[in-house]
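Working through the structure, step by step
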Amino acid sequence: MDGDILIQILVASIAAGTPFVYAALGELVTEKSGVLNLGVEGMMLVGAISGFIAMAKSGSLLVAVLCGMTAGALMALIFAVLTLTLMANQVASGLALTIFGVGLSAFLGLKYTSIALPGVPELHIPFLSDIPVAGQLLFSHDILIYSSLVLFGFISWFLYKSKAGLILRGIGEAPKSAHALGYNVIGIRYLAVLFGGAMAGLGGVYLSVAYTPMWVEGMVAGRGWVALALVVFASWRPLRVMAGAYLFGGITIAQFHIQGFGIEIPSQLLSMLPYIATIIVLVLISRDQKSIRLNSPASLGLTYHPNNQ
Amino acid sequence: MGSLVVPSPFLFRFQVKTIKTKSFVGLLIPLCAVLLALALGAVMLLSLGANPISGYATMFGAAFGSVEGFSETAVKSIPLLLVGAGICIAFRANVINIGGEGQMVMGALLSTSVALTFPSVPSLLLIPMVLLAGAIGGAFWGAIAGALKAYFNVSEILSTIMLNIVAVQFMNFLLRGVMIDPGEVARGTGIPQTMRLTENADLPILLEGMRMHLGVPIALFVAFGAYILLWRTAMGFRLRSVGYNPHASRYAGISVPKNVTAALAFSGAMAGIAGAILVFGSESHRMVTDGGSTGFTGSAGFNGIVVALLAGLHPLWSIPSALLFGGMLVGANALQRAAQVPSALIIALNGLIVVFVVSSEYFKQRSLYAGQVDLADDESTETEGEDNE
């Protein structure tokens, strides 16, 4: 195999994995607080179109990112009100959010389907990006990819090294105990859900502004669901989320190159590959129920009633 | 099989109403949800510069105002009703089936290949054959996710979504490959569709000059069957029992894994029948793909969930619920023609209706608590699923 092509594939895998990094890390924080938000796909779509519109109107990446994150957070707010204040079922509310997001994004994006954006320039870090192989692999990406790495560092530190992270995880494990200690379970869960929404929105912005700079209806194409699967795959740990995201990005990219190596497989069958891989990985991971139970937040998906002590 | 004893993060309980709320409250809540969603839709219409009152009049007039319109609405409601009734079965067994899209596609593919293989079988035999093939195709696709959940603990929410995408690519593969219309290849146009399927498999039109075809009574019949299955058979009792309390069911000798698989298979079978009816009741009488799933299914696999939730997970209430959403689809097209209002608005409205239906749980629970305060102390009013994990 040609070394250059291999590097190209790896670089492309990092880009393809980045939307998963954002969405899955956001969902990780949400789930660590004990809330399961199945609306990732919907939040990503609304984030993607909002960021796209902002980018088309303002031309500023910063504005696009902020708009996308706000839109994602607003979608998450609907979910938070439903599940945390009105104590609705989290699964049904998450589904509702996705169905709503699919429709809303299609509606908002009607006038933007035929516009192409310039995309986000790669940021070549001087000297470092000139290093052969490593320079291309690590130091010549666009800014959103670097910021996703910063986000990863921040979340790893926050969850495991900060007091606030400890409280968040405590609430996910034992909300009643946390409540008894005087922590505001509902309030902190609100913040976690909003953060997850903002990150899903940012993942959407990365897709519509940087990865493929255009708007296509339903362009998230199941990535939100894959991000949810990645959190399970990673057994709720940030480093494994990153590994899973890039692995999945790699599988997505590999399908474009397999035919280049002279292997005759119809493209439709190759497009199934990432999704079949997800199912297989889920089988391997979920089979061991003990490890799932040990790693998943104990109160995940359960409605918390502050008054029913 | 100790499979479901350990609580898994993706094992949730839909709060199935066991305590009867006053029937008028039960009816009022979905009505309010729909009205609230329509009110928000009116705001969206206003933002588009359209008059909401005349807009809704156009919509509902087109959907329910004439026999032609109603016949169109009924046809649009078929897949919604079938998927919705199937969702009722799955959700009652506490299995979250989001795989309606994929199950419809697989049902349609299998029934289409039956029609392609046996074109000369007489209608009286061929129509039941293609419907059965549809059911088998959908049931098979559903049972995969069911078995993965039952025996490998894989979240069916995630596996059904993944299987949807796999099914759509499989459809694209077949319709561009072995099942493509030879005429398309000869002409070099290569539209991914089958040839005109045998007339023997056409679902007969019931009203002269209109769209209403045999699929409508079939869908009603199947929805009624779902009701009988759930509440009048031992199988249905086992399904509901597993959904309500898997531990108690296991001690009572009910196999949880088998029933989880069965619930997804039943649910998939209904979606598969919907897929078959979409093919054989279509105006072109062939199966066509646009590369995605929505082109073929019209998102009925997802909207069926909305139908079932609005119907309170009851197959018979799914009938009016499906008619409402079918009518909204027909009305949306009319609205698009009359006032250039994009039909995507209606998809957003569907989502809003679910949002409101879901949030109405709160009010149901509140009225439930209120009714119980006198009867029991605080401890036992906890009816929520939190502790019966």
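Residues numbered from 1 in each chain as written. Chains lettered and ligands numbered in written order. Predicted model: local features only at pLDDT ≥ 70, side-chain atom pairs only at ≥ 80, totals over all residues.

Description of the overall build of chain B
What chain B contains, in helices and strands, is 15 helices and 0 strands. For chain B, contacts bridging at least 24 residues in sequence account for 79% of all contacts bridging at least 6. (Helix = DSSP H or I, 4+ residues; strand = E, 2+ residues; numbered from the N terminus. Contact = placed C-beta atoms within 7 Å.)

Considerations on the overall build of chain A
For chain A, the helix and strand inventory stands at 13 helices and 2 strands. Expected size for 309 residues packed as a compact globule is a radius of gyration near 19 Å; at 20 Å, chain A falls within 12% of this value. If one aligns the C-alpha atoms of chain A with their principal axes, the spans along those axes are about 65 × 45 × 40 Å. Here chain A holds 309 residues, and 50% of them are scored as buried. Within chain A, residue pairs in contact and separated by at least 24 positions form 78% of the contacts whose partners lie at least 6 positions apart. (Rg over C-alpha atoms; globule rule 2.2 N^0.38 Å. Buried ≥ 20, exposed ≤ 12 C-beta atoms within 10 Å, placed from the backbone.)

Some remarks on the packing of helix α9 (residues 234-244) of chain B against helix α11 (residues 256-280) of chain B
All names here are of chain B. In contact at an axis separation of 10 Å, α9 and α11 are set at 105 degrees when each is read in the N-to-C sense. When the axes of α9 and α11 are compared, the pair comes out roughly perpendicular. Along the contact surface, α9 presents Arg238, Leu239 and Val242, while α11 presents Val256, Asn259, Val260, Ala262 and Ala263. Residue classes in the contact of α9 with α11 are distributed as 6 nonpolar, 1 polar and 1 charged. (Axes fitted to C-alpha atoms, helices over the stretch in contact; angles between N-to-C directions. Parallel < 35°, antiparallel > 145°, perpendicular 65-115°, else oblique. Nonpolar A, V, L, I, M, F, W, Y, C, P; charged D, E, K, R; others polar.)

A few points about unusual backbone geometry
Note: most residues except glycine have negative phi, and most peptide bonds are trans. Residue and element names in this part refer to chain B. At asparagine 94, a position not held by glycine, the phi torsion is positive, near 60 degrees. If you check the backbone angles, asparagine 153 has positive phi at about 65 degrees while not being a glycine. In this structure, asparagine 153 sits in the loop between α5 (123-152) and α6 (156-176).

As for helix α10 (residues 223-233) of chain A
Residue and element names in this part refer to chain A. Within α10, 11 of the 11 residues are buried, leaving the element largely enclosed by the surrounding structure. Within α10, the full set of buried residues consists of Arg223, Gly224, Trp225, Val226, Ala227, Leu228, Ala229, Leu230, Val231, Val232 and Phe233. A positive backbone phi angle near 40 degrees is found at serine 235, which sits one or two residues after α10.

Re α6(B)
An α-helical segment advances 3.6 residues per turn. Residues three or four places apart therefore align on the same side. Taking 1.5 Å of rise per residue, the 21 residues of α6(B) would be expected to cover 30 Å, and the 30 Å separating its terminal C-alpha atoms lies within 8% of that figure. Burial runs high along α6(B): 18 of the 21 residues are buried. (Expected span 1.5 Å × (residues − 1).)

Remarks on the nonpolar core
With 227 residues, the main nonpolar core has Ala24(A), Leu230(A), Leu82(B), Met270(B), Ala274(B) and Ile353(B) as its most contacted residues. The element contributing the most residues to this core is α11(B), with 17 residues. Leaving out residues up to four positions away in the same chain, Leu82(B) has contacts with Ala219(B), Val222(B), Met270(B), Ala271(B), Ile273(B) and Ala274(B). (Core = buried A, V, L, I, M, F, W, Y, C linked by C-beta atoms within 7 Å.)

Overview of the confidence of the model for chain A
Per-residue pLDDT for chain A has a mean of 89; in total, 98% of the residues score no lower than 70. For chain A, per-element mean pLDDT is lowest for helix α5 (residues 134-138) of chain A, which scores 71, and highest for helix α9 (residues 185-211) of chain A, which scores 96. (pLDDT = per-residue confidence, 0-100.)

Concerning the packing of helix α8 (residues 215-232) of chain B against α11(B)
Residues and elements named next belong to chain B. Where α8 contacts α11, the axes come no closer than 11 Å and their chain directions differ by 175 degrees. Judged by the angle between their axes, α8 and α11 are roughly antiparallel. Every residue of α11 that contacts α8 at Gly215, Ile218, Val222 and Ala226 is listed here: Met270, Ile273 and Ile277.

Observations regarding the environment of Ile145(A)
Residue and element names in this part refer to chain A. Along the chain, the position of isoleucine 145 falls in helix α6 (residues 143-161). For isoleucine 145, a count of 21 C-beta atoms within 10 Å corresponds to the buried category. Sequence-wise, isoleucine 145 and leucine 123 are 22 residues apart; in three dimensions their C-alpha atoms are separated by 9.8 Å.

Quick notes on the environment of Val29(A)
Residues and elements named next belong to chain A. If you trace the backbone, valine 29 turns up in helix α1 (residues 3-32). The exposure class of valine 29 is buried, given the 24 C-beta atoms found within 10 Å. Sequence separation between valine 29 and threonine 85 is 56 residues, and the spatial gap between their C-alpha atoms is 19 Å.

Some words on the confidence of the model for chain B
All names here are of chain B. Averaged over all residues, the pLDDT of chain B is 84; the fraction at 70 or higher stands at 86%. Ranking the helices and strands of chain B by mean pLDDT puts α11 first, with 97, and helix α15 (residues 344-372) last, with 70. Predicted confidence for residues 1-21 stays below pLDDT 50, and this span has 44 contacts to residues more than four positions away or in other chains. This stretch, residues 371-389, has a pLDDT under 50; its non-local contacts, to residues over four places away or in other chains, come to 17 contacts. Both confidence scores are given for the complex: pTM 0.87, ipTM 0.85.

Quick word on the environment of Glu208(B)
All names here are of chain B. Examined against the element boundaries, glutamate 208 turns out to sit in the loop between α7 (182-187) and α8. Its 6 C-beta neighbours within 10 Å are what place glutamate 208 among the exposed residues. With 178 residues separating them along the chain, glutamate 208 and proline 30 place their C-alpha atoms 35 Å apart.

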